[in-house]
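# Inside the fold
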Amino acid sequence: MVCPGFKFFKRTKALKTQKNEKVLDSKEQKSPTIRALDILKEVYPLSGQTVLDRILREDNPRELIHGLPQEDFFWLVKRVGDNDCLTLLEMASQDQWQYLLDMELWRKDRLNQDQAFQWLERLKQAEPDKLARWLFGEGQAFAYFYFFKSIQVVIKEEEEVFKPDEDFIAFDGVFYFRVLDKRHRETIEDILRAMAEYDLELYQAVLLGLSGVLPAEIEEDMYRMRNIRLAEHGFLPFDEAVSIYAPLDAGTISAEEPGENAHIFTDEIGRSLVPVSPLYHAGGPNLLTEAFSMITDSILLDRIRLEFAGLCNHIFSADGLMADDLEVLIKTCRKAAGYLNLTLEKLCGEDPASAERLLRDNSLMSVFRVGFGLALKLKWKTEAWLKKSWFYVHDLEFGFWGEDWGGTLTGLLEDKPRFYAGLKEGGGYKNFEELDELDACGRLINRLRVLDRLLGRLTGLYPLDEGVIQSPGLTFRQLLFNLWARQLLKLEPCFSGISLTQAREFFGRIRAGKEVSPYRISEFKQEFVRYFMALDSSLEAEDAEILKETLSLMWEEFGEEYQWVSAGDLDGRFTKFIQIIS
């Protein structure tokens, strides 16, 4: 399936007249658009204000800003900041304004009046005449809808003695209006004044037409036209956009045969509309960025940039996100790049050249769907185990497996699986970006599966008191160490906790009389592992090895947790591996 943004390539291919073979290597030879994109690529790692300052130093900065693709203009506004972008707005084209407003003003299928006012105020400060032209032209439907909601109009009849309220004003002595929200009065009056000064007849026609406005119909029509415009950039209706998450088998793509997407366009007309901002935020370093760095064909790289922008916009639509915040934009780019990288690592190993061929010969949408499918397959495998697990039957929370393991399980079972990073990268959940992350989740699920089986077997051998299973904060570690501590102390074998005196005796035994920290307890590791392995001897060889490794890991974590804690300092409130009861 070809990326929605790819329709552009086929249009530009039909439009081109000949291949431009001349190398454009000087400032004078390059068009303003290509020059603007070159500057953006050079200084993008710096702040948005630095990028703006660099553009303003050019001979004709307005022409350069006009030359920016609409997506890059939008990203530049976001980097500079909504409240600091007046210079950009003043130099922008009406098409760039329209794209910006399409992205900013809508909340699902409703126009946000507060956002509309804020952007009208900025546009008025930037260039009131251009705003008036836009409101009379492409923005006419918006003008009718917004002013219908914002002002009250009274028309003075000819020879009528008219004494309006003090809130009403008129620029022509005929059409009187008052602003309904006094907080917005000055701005709206200034906008209407600019419209009247630009063309009085058109201004009067707008105010006269407000009486016939059907706001629901106008809003619906504006939303439809907005969706048509944004579809050109990859923003699709939700029911179409969710196809991006339809998993694709890895066998459907390859890096062997040239695909239909190679070298779609070669002319400057096509290249002039290629956004560079989304790809810059692809993250890395990883195999994907290595493959990008190997691309020397500028035409192929432009194709990748345009496809990647369309892919990110597709994801925005499918996730129901508002692309009005820079952090949201960056996270979505990282998400797109992450699943692309998963596919490359799965199919190409560590070979950047093979990864570059795969990108050249396949659409990025297909590559993304393969990567997402890898995560989805692991989720389905986890769900299949979970439904028949001992843990699920006893209606335990994911926290039963501890913070890290339970967090991983939670993230993996989300509608769109995510990786639990713990304390890494700021903590919390993130989208999968590397095959190692997916493999780590797969190994963890195998650990949970064999431990769950062990617990099921143990609770069949020894009584499990309902009071124990319902204990607040109970974890699998406490069940296993409670049982093992009791057998070591020659107590009744069950899963109940032990007293503080018994706990001190237990630690005294496993520390073999050591009285100075750090306390080493490695001597009992093999005994701990053998005890539980013997209770579930019917495991297959592979699962038995996984259980042995998992029990060893648990013992090492247990040793690290208590190596600096003396027996006298034990406190049942803070012992997460064993329950100490009063």
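Residues numbered from 1 in each chain as written. Predicted model: local features only at pLDDT ≥ 70, side-chain atom pairs only at ≥ 80, totals over all residues. Heavy atoms only, no water.

Right, let's get into the sheet that holds strand 4 (residues 169-170). Across a sheet, paired strands are connected by hydrogen bonds in the backbone, their directions being either parallel or antiparallel. Reading across from one edge, 3-5-4 is the order of the 3 strands in this open sheet, with antiparallel pairing throughout. Two strands bound the open sheet, and with one partner strand each, they are strand 3 (151-155) and strand 4. Examined bridge by bridge, strand 4 and strand 5 (residues 175-179) share 2 bridges and lie antiparallel to one another. Counted as the bridge partner of Ala170 is Tyr176 from strand 5. Against the sheet, helix 10 (residues 140-150) touches strand 3 and strand 5, its axis set at about 90 degrees to strand 3. Along the sheet, helix 12 (residues 200-209) makes contact with strand 3 and strand 5, crossing strand 5 at roughly 65 degrees. (Pairing = 2+ DSSP bridges. Helix = DSSP H or I, 4+ residues; strand = E, 2+ residues; numbered from the N terminus. Contact = heavy atoms within 4.5 Å. Axes fitted to C-alpha atoms, helices over the stretch in contact; angles between N-to-C directions.)

Moving on: the pattern of salt bridges. Opposite charge on two side chains permits pairing when their charged atoms draw close. According to the stated counting rule, one finds 32 salt bridges in the structure shown. Lys78 serves as the salt-bridge partner of Glu104, at 2.8 Å between the closest nitrogen and oxygen. Of this pair, Glu104 sits in helix 7 (residues 94-104) while Lys78 sits in helix 5 (residues 70-80); the two residues are 26 residues apart in sequence, bridging distant segments of the chain. Residue classification places Lys78 among the buried positions, given a relative accessible area of 9%. Salt bridges sharing partners connect three or more residues here, namely Lys78, Asp82 and Glu104. (Salt bridge = Lys/Arg side-chain N within 4 Å of Asp/Glu carboxyl O. Buried < 20%, exposed > 50% of the residue type's maximum accessible area, 1.4 Å probe, protein only.)

Using the criterion set out here, one finds 42 aromatic pairs in the structure. Ring geometry for Trp401 against Phe476: centres 5.1 Å apart, planes inclined by 45 degrees, an arrangement best described as tilted. Of the two residues, Trp401 is situated in the loop between helix 22 (390-393) and helix 23 (403-412) and Phe476 in helix 26 (residues 476-488); the sequence distance between them amounts to 75 residues. Under the relative-accessibility criterion, Trp401 is labelled buried at 0%. On the basis of relative accessibility, which here comes to 0%, the residue Phe476 falls in the buried class. In this structure, Lys416 packs its charged tip against the face of Tyr245, placed 4.9 Å from the ring centre. (Phe/Tyr/Trp six-rings, centres within 6.5 Å; stacked < 30°, edge-to-face > 60°. Lys NZ or Arg CZ within 6 Å of the ring centre and 35° of its normal.)

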